[in-house]
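# A structural walkthrough
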Amino acid sequence: MTSTTSLTEAAVLTQPTTVAPRRRVRLTPGRVTGQVLLYATLALLAIVYIYPFLVQVATSLKTEQEAALDPVSLIPQTFTTAAYERLFLHSDFPLWFVNSTVVTIVVTLGRVFFVSLAGYALARLRFRGRGVVFALVVAVMAVPTVVLLIPKFLVLNQLGLYDSYAGMILPLLVDAAGVFIMKNFFESIPASVEEQARIDGAGTFRVFWSIVLPMARPALITIVILSFQGSWNELSHFIVSTQSPELTTLTKGVASLASGQLSQGTQYPLKLAAAAIMTIPVAVLFFIFQRRIMNTSEGAVKG
Amino acid sequence: MTSTVAPVATPTPPSSPRRSRSRGTRRGEATAGWLFVLPVILILGTFLLIPVLMALWVSFSDWTGRGSPLSPSVGFVGLDNYAAITTEGGLPTRDFGIALRNNAWYVLLVVPLQTILALTLAVLVSRRILRGRGFLRTAFYFPSVTSSVAITVLWLFLFSFAGPVNAIIGSLGGDGPNWFNDPRGIVHVALGKVGLSAGPDWLTGGQFLGISGWEWLAGPSVAMSALVLMAVFTTSGTFMLLFIAALQNIGYELTEAGMMDGANGWQRFRHITLPQLRPTLFTVITLGLIGCWQVFDQIYTGTQGGPAKTTVTPAYLSYTAAFQNQNWGIGAAIAFILFLIIIVFTLLQRWVLRDRPVSRRRIRAYQPRTARTRLPAEEATR
């Protein structure tokens, strides 16, 4: 799923903004009714989209009985953090969190570096076979991830990387869609600055590292968002690349919680607490770069 | 995808004097170029191309998961694995048929629903005068950034028998089903309501992929319907952003002209805005189709294919066949058929939404006189 969704989001993240002209509209009775209807619809939709997350947090703070008896209310009658205590003090949850964090940070850093390196070469450097390499990148983007479950396992097993950090990280370290995004970006910025540095005697890597990369900040932010979100939320790759409990990531761990391995009974507060915590890092990232992602005409950052 | 992308690959050739000079100063350029793309080639090659070729071999072999699939003891069995899931009519065929049916219904519901909802949301929050626009966009997009595992856990709670959804249905006077434990197809349930509980003979008799026509038409199970709602909930935000971006790029002039001509809101949307959204619509539907045939995380986390196999999808079946039942050849064969399905749908979609050529006479009718006379000249300069 990664490549298609990341392309969607990349398209969104790199969209230029045009502000539609505002016009004064006179208020007639028909218009007032229309406006009331519009806002009522929007309010209802907003509730449908937000309520699930509110009830999730609320339920994670309820006792098990209350979660079963009164699932709808947003305010726990007996407020308890038992679910969180259990997760952090009496389960492997902290280990999962650390594993996910390590993998996500390494993958994000690696992708930013390798993807921009390749994107720069494909956009700017002239070498034989460049067209073939780019065609390969585009072809790879079209391969759906779920089709790769068995193949990835086969190769990791063959290379002796199965059930290791290397096996978890290496295959995620490069992302074809990212190369594509960076190449497009580098083609959109003028080459004159680099030419100047080159004439001053700087080597190709130096030009790339200290002149081109700093200019590519908006595109790099896009890559960071996509890589972080992609690797933090990745599940299928970790299922086929690891089996030992020490290498379990949050997605794999919480999925095992969901199918009821740690629990008797429904344990909804516990499961929902785990799901809520694993949402936090992505949510934080989302709110940091919100204006960039949402691209609202009130305050868009130029891409 | 290649065709749309290819033109970008060839950059405009720089002017000749610069080129000759830079050739002199950039001697190491080719080496640097290869060094820069080397990590990407190595990783994509090792973890994408080689694996696909290996899996293709496994799909034609009798490998049982022990040792290396490339060892000489593994035999070539031709199309046996493919035959086992398509023509032999045994349990693997039936399982594959069920998985295809489940996923087909899923696609049939999710793609139109998510497209319409995303478009509706985009149009609503793109109004030029709207309070709380940023807040609304955030609210609608937020489900898209959360992980499929976290959302599935939340969904299992929301749609549990005594969960919030049923509580709300109950307070409205309804009677909610036992969502994730209900294997009944919703088409069968609806037909049952009007007294039709068994299919006619011509439907129950014939079989395709080990399943009768009546079973094919069962509709998604109640459990699958809950997953359909989840998919719509989580993807509508992403696609809404695509539509918003497209709406922003549409010039306001045409809409204004429509207003002058007295077109009402719906007419302006239907005949002015919608045709201009065509490329985005194509993108959204294609991405939706591709995504929907890849349902895996939700099934692995939530239902494990139950109840009564009604949420098994080809992707999940491929996984269980290989990793749990050690039928690696069959698992790989399913994956490649799935690959084929996804490609076919992409091509089909492209063909359906292609720009049909307008006849010359009709084009002329739309061109002002001056433009028409200038046309041959323009042609010549190209």
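## Notes on the overall build of chain B
If you tally the helices and strands in chain B, you get 20 helices and two strands. For chain B, the proportion of its 382 residues judged to be buried stands at 50%. Just so you have it, chain B exposes about 19,100 Å², and 63% of that area is on carbon and sulfur atoms.

## Brief notes about the packing of helix α11 (residues 204-215) of chain A against helix α12 (residues 217-232) of chain A
Residue and element names in this part refer to chain A. Interhelical geometry of α11 versus α12 gives an angle of 80° and a closest axis separation of 5 Å. With respect to each other, α11 and α12 are oriented roughly perpendicular. Side by side, α11 and α12 meet where Leu-213, Pro-214 and Met-215 of the first sit next to Arg-217, Pro-218 and Leu-220 of the second.

## Focus on the packing of helix α5 (residues 93-124) of chain A against α12 of chain A
Residue and element names in this part refer to chain A. For the pair α5 and α12, interaxial distance at closest approach is 9 Å and the crossing angle is 145°. Crossing angle aside, the handedness with which α5 passes α12 is right-handed. Within the contact between the two elements, α5 uses Phe-97, Ser-100, Thr-101, Thr-104, Val-107, Thr-108, Arg-111, Val-112, Val-115 and Ser-116 and α12 uses Leu-220, Ile-223, Val-224, Ser-227, Phe-228, Ser-231 and Trp-232. Residue composition of the contact of α5 with α12, grouped by class: nine nonpolar, seven polar and one charged.

## Brief notes about the pattern of salt bridges
Residue and element names in this part refer to chain B. Counted by the stated rule, this structure contains five salt bridges over all chains. In this structure, Glu-215 and Arg-101 form a salt bridge, with 3.4 Å as the shortest nitrogen-oxygen distance. Taken together, the residues span a long stretch of sequence, with Glu-215 in helix α11 (residues 213-216) and Arg-101 in helix α5 (residues 91-125) at a distance of 114 residues.

## Quick word on the nonpolar core
One recurring pattern in soluble globular proteins is that nonpolar side chains are buried together. Core analysis: the largest hydrophobic core is formed by 200 residues, its most contacted members being Phe-186 of chain A together with Met-240 of chain B. In terms of residue count, helix α12 (residues 222-249) of chain B provides more of this core than any other element does, 18 residues in total.

## What to know about the interface of chain A and chain B
The figure often quoted for interface size is the accessible area lost as the parts come together. The interface is formed by 117 residues belonging to chain A together with 109 residues belonging to chain B. Both sides together, the interface formed by chain A and chain B hides about 9,800 Å², and carbon and sulfur atoms give 76% of it. Summed over the shared surface of chain A and chain B, the number is zero salt bridges. At the boundary of chain A with chain B, the tally comes to eight residue pairs in polar contact (both at pLDDT 80 or more). A total of 15 residues in the side of chain A that touches chain B trace back to one element, the largest contributor, which is helix α2 (residues 29-60) of chain A. For the side of chain A that touches chain B, the per-class residue count stands at 80 nonpolar, 23 polar and 14 charged.

## Observations regarding the packing of aromatic side chains
Within the structure shown, the criterion is met by 44 aromatic pairs over all chains. Ring centres of Tyr-120 of chain A and Phe-36 of chain B lie 6.2 Å apart, and the angle between their planes is 40°; on these two criteria the pair is classed as tilted. Here Tyr-120 of chain A, found in helix α5, pairs with Phe-36 of chain B, found in helix α3 (residues 29-59), and the two come from separate chains. By relative accessible area, which is 6% here, Phe-36 of chain B ends up buried. Here Phe-296 of chain B and Tyr-319 of chain B contribute two aromatic rings whose centre-to-centre distance is 5.4 Å and whose plane-to-plane angle is 80°, an arrangement assigned as edge-to-face. Within this pair, whereas Phe-296 of chain B is found in the loop between α15 (278-292) and α16 (297-303), its partner Tyr-319 of chain B is found in helix α17 (residues 314-324), the two being separated by 23 residues in sequence.

## Overview of the side chain of Arg-124 of chain A
Along the polypeptide, Arg-124 of chain A turns up in helix α5. A distance of 3.0 Å separates a polar atom in the side chain of Arg-124 of chain A from the backbone oxygen of Phe-186 of chain A.

## Structural notes on a nonpolar patch on the surface
Taken together, the side chains of Val-98, Val-102, Val-106 and Tyr-165 of chain A make up a nonpolar region of the molecular surface, amounting to roughly 290 Å² of accessible area. In terms of residues, the nonpolar patch owes the most to one element, α5 of chain A, which gives three residues.

## Some thoughts on unusual backbone geometry
All names here are of chain A. Unlike most non-glycine residues, Asp-163 shows phi in positive territory, near 65°. Here Asp-163 shows up in the loop between α7 (149-158) and α8 (165-169). Residue classification places Asp-163 among the partly exposed residues on the basis of a relative accessible area of 22%.

## Focus on helix α15 (residues 268-288) of chain A
Residues and elements named next belong to chain A. Between its first and last C-alpha, α15 extends 30 Å over 21 residues, near the 30 Å set by a 1.5 Å rise per residue. Remark: the principal bend of α15, roughly 35°, maps to Ile-280, with a proline, Pro-281, within the next four residues. Among the 21 residues in α15, 17 count as buried, and that is most of the element.

## Section: the confidence of the model for chain A
Residues and elements named next belong to chain A. Per-chain confidence: chain A averages 84 in pLDDT, with 85% of residues scoring 70 or above. Mean pLDDT per element in chain A: helix α1 (residues 2-13) is the minimum at 54, and α5 is the maximum at 94. Counted against residues more than four places away or in other chains, residues 296-303, with its pLDDT under 50, gives 18 contacts.

## Considerations on the environment of Phe-36 of chain B
Between the C-alpha atom of Phe-36 of chain B and that of Asn-103 of chain B, which follows or precedes it by 67 residues, the distance is 41 Å. In contact with Phe-36 of chain B, other than residues within four places in its own chain, are Leu-117, Ala-118, Tyr-120, Ala-121, Leu-125, Thr-204, Phe-205 and Phe-208 of chain A.

## Some details on helix α13 (residues 252-260) of chain B
All names here are of chain B. Within α13, the full set of buried residues consists of Tyr-252, Thr-255 and Gly-258. Across the axial projection of α13, the buried residues extend over an arc of 120°, all falling on one side. Opposite the packed face of α13, turned more than 90 degrees from it, sit the exposed residues Glu-253 and Met-260. Buried-residue contacts for α13 involve α14 (265-276).

## So, the confidence of the model for chain B
Residues and elements named next belong to chain B. Summary statistics for chain B give a mean pLDDT of 81 and a share of 84% for residues scoring 70 or more. Scored below 50 in pLDDT, residues 1-25 makes 21 contacts in the model with residues more than four places away or belonging to other chains. Predicted confidence for residues 369-382 stays below pLDDT 50, and this span has three contacts to residues more than four positions away or in other chains. Interface predicted TM-score (ipTM) for the complex: 0.85; the corresponding pTM is 0.83.

Calculation criteria
Residues numbered from 1 in each chain as written. Chains lettered and ligands numbered in written order. Predicted model: local features only at pLDDT ≥ 70, side-chain atom pairs only at ≥ 80, totals over all residues. Heavy atoms only, no water. Helix = DSSP H or I, 4+ residues; strand = E, 2+ residues; numbered from the N terminus. Buried < 20%, exposed > 50% of the residue type's maximum accessible area, 1.4 Å probe, protein only. Areas by Shrake-Rupley, 256 points an atom, 1.4 Å probe, with all protein chains shown as cover. Axes fitted to C-alpha atoms, helices over the stretch in contact; angles between N-to-C directions. Parallel < 35°, antiparallel > 145°, perpendicular 65-115°, else oblique. Contact = heavy atoms within 4.5 Å. Left-handed = near helix turned anticlockwise from the far one by under 90°. Nonpolar A, V, L, I, M, F, W, Y, C, P; charged D, E, K, R; others polar. Salt bridge = Lys/Arg side-chain N within 4 Å of Asp/Glu carboxyl O. Core = buried A, V, L, I, M, F, W, Y, C linked by side-chain atoms within 4.5 Å. Buried area = accessible area lost by both parts, 1.4 Å probe. Polar contact = N/O pair within 3.5 Å; in protein donor to acceptor, adjacent residues only side chain to side chain. Phe/Tyr/Trp six-rings, centres within 6.5 Å; stacked < 30°, edge-to-face > 60°. Patch = residues over 30% accessible without salt bridge, like charges linked within 9 Å, V, L, I, M, F, W, Y side chains within 5 Å. Expected span 1.5 Å × (residues − 1). Bend = angle between axes of the 7 residues up to and from the residue. pLDDT = per-residue confidence, 0-100. Arc of directions from axis to C-beta.

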